[in-house]
Amino acid sequence: MISDPRTPLQQLPVMTYEQMLEKVRYEGAYPTRERAEEAVRLVLAGLGRQLTGDERVELAARLPFEAACVLTAQIPGTQPLTGWAFVKDLAARTGASLATTRWDTGAVFSAVAALAGPDLLTRMLRQLPSGYALLFGRAELTPPRRRGVSPGRGCEPRPP
């Protein structure tokens, strides 16, 4: 059977779920695989409540099946959360400290970023509110502000 060249090839995950858990376990310095899996499930469920559209579908296609199921089982929320609000929401759901939850988020997002790749990650960060770039280990880039120039008053010369 010859495939239609106009049909995009299905993206296969570059790592298994077990490999993903080991990456998260290493990144998060977790003592057990179970603790890493707990972090993966918590953070991916939270991300599933924030991410929508094509980026959500593409990310799910790049994640191992078990991780994709956790992400897509969530219904996206109506109010997007900033990165810090995301961490606070996860901490409130689990009763964990903010520091522990921030650590979990960074460990899981490290693996997610590796699976997503730079182009998809950039598109995801454009969709999400501010604060997520830092959670994914990227600099939070914002447009530069012009200092000392008030609206309507540029650097035009003053009339004589």
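This section reports on the structure supplied with the text. No experiment lies behind these values; they were computed from the predicted model shown.

### Here's the deal with the nonpolar core
Then step 1. Among the nonpolar cores identified, the biggest contains 42 residues, and Met20, Leu44, Leu59, Leu63 and Phe136 are the most heavily contacted of them.
Then step 2. Broken down by secondary-structure element, the contributors of at least two residues to this core are helix 1 (17-28), helix 2 (33-48), helix 3 (53-62), helix 4 (65-72), helix 5 (83-94), helix 6 (98-127) and helix 7 (132-135).
Then step 3. The greatest single-element share of this core, amounting to 12 residues, is contributed by helix 6.
Then step 4. Ignoring anything within four residues of it in the chain, the contact list for Leu59 reads Leu47, Leu51, Leu71, Val112, Ala116, Leu120 and Met124.

### What to know about helix 5
Then step 1. Over its 12 residues, helix 5 runs 17 Å from end to end, which matches the ideal 16 Å to within 8%, given 1.5 Å per residue.
Then step 2. Those residues of helix 5 that are buried lie in contact with helix 2, helix 6 and helix 7.
Then step 3. Looking one or two residues past helix 5, Gly95 carries a phi angle of roughly 80°, positive in sign.

### Observations regarding the environment of Gln19
Then step 1. Residue placement: Gln19 occurs in helix 1.
Then step 2. Once the C-alpha coordinates of Gln19 and Pro64 are considered, the two residues, 45 residues apart in sequence, prove to be 9.3 Å apart.
Then step 3. In terms of polar contacts, Gln19 uses its side chain to reach the backbone amide nitrogen of Thr16, at 2.7 Å.

### With respect to the packing of helix 2 against helix 4
Then step 1. Interhelical geometry of helix 2 versus helix 4 gives an angle of 50° and a closest axis separation of 7 Å. Of the possible angle classes, the one that applies to helix 2 and helix 4 is oblique. Of the two elements, helix 2 crosses helix 4, and the hand of that crossing is right-handed. Residues Arg41, Leu44, Ala45, Leu47 and Gly48 of helix 2 lie in contact with helix 4, whose contacting residues are Ala67, Val70 and Leu71.
Then step 2. Partitioned by chemical class, the residues of the contact of helix 2 with helix 4 number 6 nonpolar, 1 polar and 1 charged.

### Topic: unusual backbone geometry
Then step 1. For Ala29, which is not glycine, the phi dihedral falls at a positive 55°.
Then step 2. For Ala29, the location among the structural elements is in the loop between helix 1 and helix 2.

Calculation criteria
Along each chain, residues carry numbers from 1 onward, in the same order as the chain's sequence is written. Under the rules for a predicted model, residues below a pLDDT of 70 receive no local features and side-chain atom pairs below 80 are neither given nor counted, while totals for whole chains, interfaces and linings still include all residues. Side-chain metrics in this entry use all non-hydrogen atoms of the structure; hydrogen atoms and water are not considered. Residues enter a nonpolar core if they are buried and are Ala, Val, Leu, Ile, Met, Phe, Trp, Tyr or Cys, with the set joined through side-chain atoms within 4.5 Å. Relative accessible area decides the class of each residue, using a 1.4 Å probe on protein chains only: under 20% of the type maximum gives buried, over 50% gives exposed, and in between gives partly exposed. A run of DSSP states H or I qualifies as a helix once it reaches four residues; a run of E qualifies as a strand once it reaches two. Both are numbered from the N-terminal end. It only takes one pair of heavy atoms within 4.5 Å for two residues to be counted as in contact. Each helix should span, by expectation, one fewer than its residue count multiplied by 1.5 Å. Pairing of N or O atoms within 3.5 Å defines a polar contact, subject to two protein rules: one partner must be a possible hydrogen donor and the other a possible acceptor, and residues neighboring in sequence count only if both atoms are side-chain atoms. As a rule, the C-alpha atoms of each element are fitted with a line to give its axis, helices using only the stretch in contact, and angles between N-to-C directions run from 0 to 180 degrees. In this scheme, roughly parallel covers angles under 35 degrees and roughly antiparallel covers those over 145, while 65 to 115 is roughly perpendicular and the rest are oblique. Crossing handedness: left-handed means the near helix sits turned counterclockwise from the far one by under a right angle, and right-handed means the same turn made clockwise. As a working rule, the residues Ala, Val, Leu, Ile, Met, Phe, Trp, Tyr, Cys and Pro are called nonpolar, Asp, Glu, Lys and Arg charged, and the rest polar, with Gly in that last group.

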